[in-house]
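Working through the structure, step by step
Residues per chain are reported as follows:
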Amino acid sequence: MTGPSRRGADLAIALLECLAEAGRPLRLSRVAASLNLSRASLYRAVAIFAGCGLLDRSRRGFVALGPVALKLAQARDEMLRLEDAARVMPRPKPLQRTPATVGNLACHPASVAAVACSVFRRAPKFRIGFANATIDSPWRTALVHSVEFGAVKYRDLVSALDVRHADQCAARQAADILGLLAAGAEGLIVSAVASDPLAEVLLEAERRGIPTVLVDRGQPERLPHVSFVTCNDDVIGATMALWLGEILEGRGRIVLLPGLAQAEPAQRRLIGARSVLGGFPGLAVLAVEWTDWSGVKGYRVTRDLLHRFGDAIDGVWCDSGLQAVGSLRAFLAAKGGRRAVPPHTGGDLNLAYKLAVRHGVPLAAVDYPPAMGLRAVEVLLDILRGRSVPRRIDVATEIVVTRHHSTPSVKPDLWADEHVRWDLPDDLILASGLGISYDPRSFRVRYPGNRYNQSAAARPPGASA
Amino acid sequence: MSAEGSGVAVLARILATLADGEPSTGAALARRLGTARSTTFDVLRRLEQAGFVERDARGLIAPGPAGARLGFALFGLAAIEAAAEALLPVLRDDTEATAELLVRTAEGEIVLVQRQAAPGGAERGTAEAVLAMPLAAGRPDAILRLRTCRPVSASERDRMNRSLAAVAGALARCLESTLPRDP
């Protein structure tokens, strides 16, 4: 025999691992040889395991896994099912699964690639760092709230959450990530300002054995990470463009108002929209104007477009309600009630739905869910416990359309009047995943790492907790 | 019993207890087994390092992925345990149908992994994919199945089948990449 001998619990673990690897009954003599065990030690261990049903010695000279092995697997599955049930938020209605949208699993090979994470396994509780790109819009606030909610929900697994905002500066975010590592973060959640400037620092995290979960934005092919939690931006942009094309019956002149030019989600949504609009030869795109996901800029841009094109604009594609509210207001101010506001796309923000419903504007939206922040926390906690996770997770969302404005290919999961919250603030982001009573203005949260129950979203960039 | 034997015995009893009951604290396990806390905690540490136990969302000790792998290994499916755990929830989320990995034996079906969709009444539709099992003579069939309680249009059924095929393909690749070998 060669190699180190095994004793006690280590012997037992090695024996079980050997049988799991084989997946079939093994000769006792060969097990003893491969594990460098004396036959006496092996036989004693096997007898103990057989006595409780973990192993089976019914076949002479052989050892196999016993019935309790199956019970162990089923006990784990029961535990995971209960965790899963606690995680899944009930929907007001089942998703319609509009015919135009393809299943995400068929779209992205990374969605069905499972990443083994046993190398990251450590004993809880865990110190988590969240490097956030920016805190300059209601959507960013909701994302931070969602991550913080995760730290509270899983307080039995989280020892501290450290949130840092980079104010849309990649250099600052790289410094934030190094700061999180220096402060002892055992896992990172990153909503990336940009990808190339962060590659080296995330590689350093990987070298130190610290796993990273990308959330919302970041180019997974460029950034070292374990999993990417997002929502399918191509489908968001394409679905809203498809609705606009169909509601205009394939004819007319439209303007495209995408969000932030440097942000990958906005780029992908615009690509998705253009790919669909190309199938409507009767639609002319008058202009494409970036809006920084700002209602103020959305208003200014639309006012200028109205000066240029007047009543020629038949429809407005916005990739989010963050700027759609500005466009809607500009049209309402210009029209003075004289003419209907043309169909718009873009949701997310409660005010976008309020304006559309109040003024009878046809609107379609696919909310980009900040609930992905909570999901990212869950994925990171799975990784730190050594569980395998998908390489990519697309958080499901809803298609929302104003009543009577569904089209042949775009069926709503919710009507806008079912989705809007008249009782809650205009700047509420509706797909936060934080429950029906969530109010961003009164959101208070207590977790190790924050102070005075104040959310990190209320802290300006650069300020420490 | 020798010290070596007692370590094996405590480990075996911990796993058998977790197979039978609820997740628990280390102290509660030690009390239930009548073993010294120091011995129990030492064995638990080793089991946790090896992945046979882990902490659930409440911080309690529960069977870990390596423990589940033992059950999968009974049917020659140890190679897909980790991937099945990771991918069945996303299959469920993508299709809003209950997703199951099961084996079909002469005695009936044994469900290894199940992630449930929201309850909604009588079952209205199923979709199944049989996993191709290399070198599987004498093994029961491994099945990936979706069950739904809501009306399913033709296009939705097509979408479910595509998502099912994507995950089944991923699991089959895990099986193919693992060749059985003698110890």
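Thresholds, definitions, all that
Residues numbered from 1 in each chain as written. Chains lettered and ligands numbered in written order. Predicted model: local features only at pLDDT ≥ 70, side-chain atom pairs only at ≥ 80, totals over all residues. Heavy atoms only, no water. Helix = DSSP H or I, 4+ residues; strand = E, 2+ residues; numbered from the N terminus. Buried < 20%, exposed > 50% of the residue type's maximum accessible area, 1.4 Å probe, protein only. Contact = heavy atoms within 4.5 Å. Areas by Shrake-Rupley, 256 points an atom, 1.4 Å probe, with all protein chains shown as cover. Pairing = 2+ DSSP bridges. Right-handed = clockwise from strand over helix to strand, strands pointing away. Salt bridge = Lys/Arg side-chain N within 4 Å of Asp/Glu carboxyl O. Axes fitted to C-alpha atoms, helices over the stretch in contact; angles between N-to-C directions. Left-handed = near helix turned anticlockwise from the far one by under 90°. Nonpolar A, V, L, I, M, F, W, Y, C, P; charged D, E, K, R; others polar. Polar contact = N/O pair within 3.5 Å; in protein donor to acceptor, adjacent residues only side chain to side chain. Buried area = accessible area lost by both parts, 1.4 Å probe. pLDDT = per-residue confidence, 0-100. Phe/Tyr/Trp six-rings, centres within 6.5 Å; stacked < 30°, edge-to-face > 60°. Lys NZ or Arg CZ within 6 Å of the ring centre and 35° of its normal.

1. Section: the overall build of chain B
Looking only at helices and strands, chain B features six helices and six strands. Each helix and strand of chain B, placed in order from N terminus to C terminus, yields the pattern α-α-α-β-β-α-α-β-β-β-β-α. Expressed as a percentage of its 183 residues, the buried residues of chain B come to 56%. Excluding contacts between residues fewer than 6 apart, the proportion of contacts in chain B whose partners are at least 24 apart in sequence is 55%. As displayed, chain B has an accessible area near 7,500 Å², and 51% of this comes from carbon and sulfur atoms.

2. Overview of the pairing of strand 7 (residues 187-190) of chain A
Residue and element names in this part refer to chain A. Burial of the side chains of strand 7 extends over both faces: Gly-187 and Ile-189 are buried on one face and Leu-188 and Val-190 on the other. The pairing of strand 5 (residues 126-132) with strand 7 spans four bridges and is parallel. Pairing of Gly-129 across the sheet is with Leu-188, part of strand 7. Sheet topology places strand 7 next to strand 8 (residues 212-215); three bridges connect them, and they run parallel. When the sheet's bridge partners are listed, Val-190 is paired in strand 8 with Leu-214. The parallel pair strand 7 and strand 8, bridged by helix 8 (residues 199-207), forms a crossover whose chirality is right-handed.

3. Regarding the pattern of salt bridges
Within this structure, the stated rule accounts for 50 salt bridges over all chains. Across the pair Asp-93 of chain B and Arg-92 of chain B runs a salt bridge, and its minimum N-O distance is 2.7 Å. For Asp-93 of chain B, a relative accessible area of 25% puts it in the partly exposed group. Taken together, the salt bridges that share partners define one network made up of Arg-76, Glu-83, Asp-382, Arg-385 and Arg-387 of chain A together with Glu-54 and Glu-85 of chain B.

4. Some thoughts on the environment of Leu-380 of chain A
All names here are of chain A. Position of Leu-380 relative to the elements: it lies in helix 14 (residues 372-384). Judged by its relative accessible area of 0%, Leu-380 is buried. Along the chain, Leu-380 and Val-31 lie 349 residues apart, while their C-alpha atoms are 37 Å from each other. With residues near it in sequence (within four places) discarded, Leu-380 still touches Ile-128, Gly-187, Leu-188, Ile-189, Pro-211 and Val-213.

5. Some points on the sheet that holds strand 1 (residues 26-27) of chain A
All names here are of chain A. Within the open sheet, the three strands sit side by side as 1-3-2. Their pairing is antiparallel. Two strands close off the open sheet at either side, each with one partner strand: strand 1 and strand 2 (55-56). Relative to strand 3 (residues 62-65), strand 2 runs antiparallel, the two sharing two bridges. Residue Leu-55 lies in a different strand from strand 3, and its bridge partner there is Leu-65.

6. With respect to the packing of helix 6 (residues 138-153) of chain A against helix 14 of chain A
Residues and elements named next belong to chain A. Following both chains from N to C, one finds helix 6 and helix 14 inclined at 35°, their axes separated by 7 Å at the closest point. With respect to the hand of their crossing, helix 6 and helix 14 are arranged in right-handed fashion. Contacts between helix 6 and helix 14 involve Trp-139, Leu-143, Ser-146, Val-147, Phe-149, Gly-150, Ala-151 and Lys-153 on the former and, on the latter, Met-372, Gly-373, Leu-374, Val-377 and Glu-378. Classifying every residue of the contact of helix 6 with helix 14 gives eight nonpolar, three polar and two charged.

7. Some points on the sheet that holds strand 9 (residues 227-230) of chain A
All names here are of chain A. Ordered in space as 6-5-7-8-9-16, the six strands form an open sheet in which the pairing is parallel. Since the sheet does not close on itself, it has two edges, and those belong to strand 6 (158-165) and strand 16 (392-394), each with one partner. Across the sheet, the axes of successive neighbouring strands diverge by a mean angle of 15°, strand direction being ignored. Two elements, strand 8 and strand 9, share three bridges in a ladder whose sense is parallel. The residue bridging Leu-214 from the neighbouring strand is Phe-228, located in strand 9.

8. Focus on the side chain of Arg-92 of chain B
On the secondary structure map, Arg-92 of chain B appears in helix 5 (residues 81-95). Within the local environment of Arg-92 of chain B, its side chain forms a polar contact with the side chain of Asp-93 of chain B, the two groups lying 2.7 Å apart. Leaving out residues up to four positions away in the same chain, Arg-92 of chain B has contacts with Asp-84, Arg-87 and Val-88 of chain A together with Ala-97, Ala-99, Arg-115, Gln-116 and Ala-117 of chain B.

9. Notes on the pairing of strand 4 (residues 108-115) of chain B
Residue and element names in this part refer to chain B. Note: strand 3 (residues 98-105) against strand 4, seven bridges, orientation antiparallel. Looking at the pairing, Arg-104 lines up with Glu-109 of strand 4. Remark: two residues form the turn of the hairpin made by strand 3 and strand 4, two consecutive strands paired antiparallel.

10. Section: the interface of chain A and chain B
Listed as interface residues are 73 residues of chain A and, on the opposing side, 77 residues of chain B. Across the interface of chain A and chain B, roughly 6,200 Å² is buried in total on both sides, 61% from carbon and sulfur atoms. Where chain A packs against chain B, one counts nine salt bridges. Of the charged contacts, one joins Arg-115 of chain B and Asp-77 of chain A as a salt bridge, the two residues approaching to 2.8 Å between their closest N and O atoms. The interface formed by chain A and chain B holds 14 residue pairs in polar contact (both at pLDDT 80 or more) in total. Where the side of chain A that touches chain B is concerned, the elements lending two or more residues are helix 1 (8-22), helix 2 (28-34), helix 3 (39-51), helix 4 (67-87), helix 5 (104-107) and strand 15 (389-390) of chain A. A total of 16 residues in the side of chain A that touches chain B trace back to one element, the largest contributor, which is helix 4 of chain A. Counted by class, the side of chain A that touches chain B contains 40 nonpolar, twelve polar and 21 charged residues.

11. Here we look at the confidence of the model for chain B
Residues and elements named next belong to chain B. Looking at chain B, the pLDDT average stands at 85 and 87% of residues meet or exceed 70. Overall, residues 179-183 carries pLDDT values under 50, and its contacts beyond four positions in sequence, including any with other chains, amount to nine contacts. Confidence estimates for the predicted assembly give a pTM of 0.92 and an ipTM of 0.92.

12. Some thoughts on the packing of aromatic side chains
Residues and elements named next belong to chain A. Summed over the entire model, instances satisfying the criterion amount to two aromatic pairs over all chains. Ring geometry for Trp-139 against Tyr-368: centres 5.0 Å apart, planes inclined by 20°, an arrangement best described as stacked. In this pair, Trp-139 is assigned in helix 6 and Tyr-368 in the loop between strand 14 (363-366) and helix 14, connecting sequence segments 229 residues apart. Residue classification places Tyr-368 among the buried residues on the basis of a relative accessible area of 4%. Here the aromatic rings of Tyr-438 and Phe-443 are separated by 5.8 Å at their centres, their planes lie at 80°, and the arrangement is edge-to-face. Phe-443 carries the same exposure label as Tyr-438, and that label is buried. The ring centre of Phe-62 lies 3.8 Å from the NZ or CZ of Arg-59, which sits over that ring. Of note, Arg-269 hangs over the ring of Tyr-368, and the distance from its end group to the ring centre comes to 4.3 Å.

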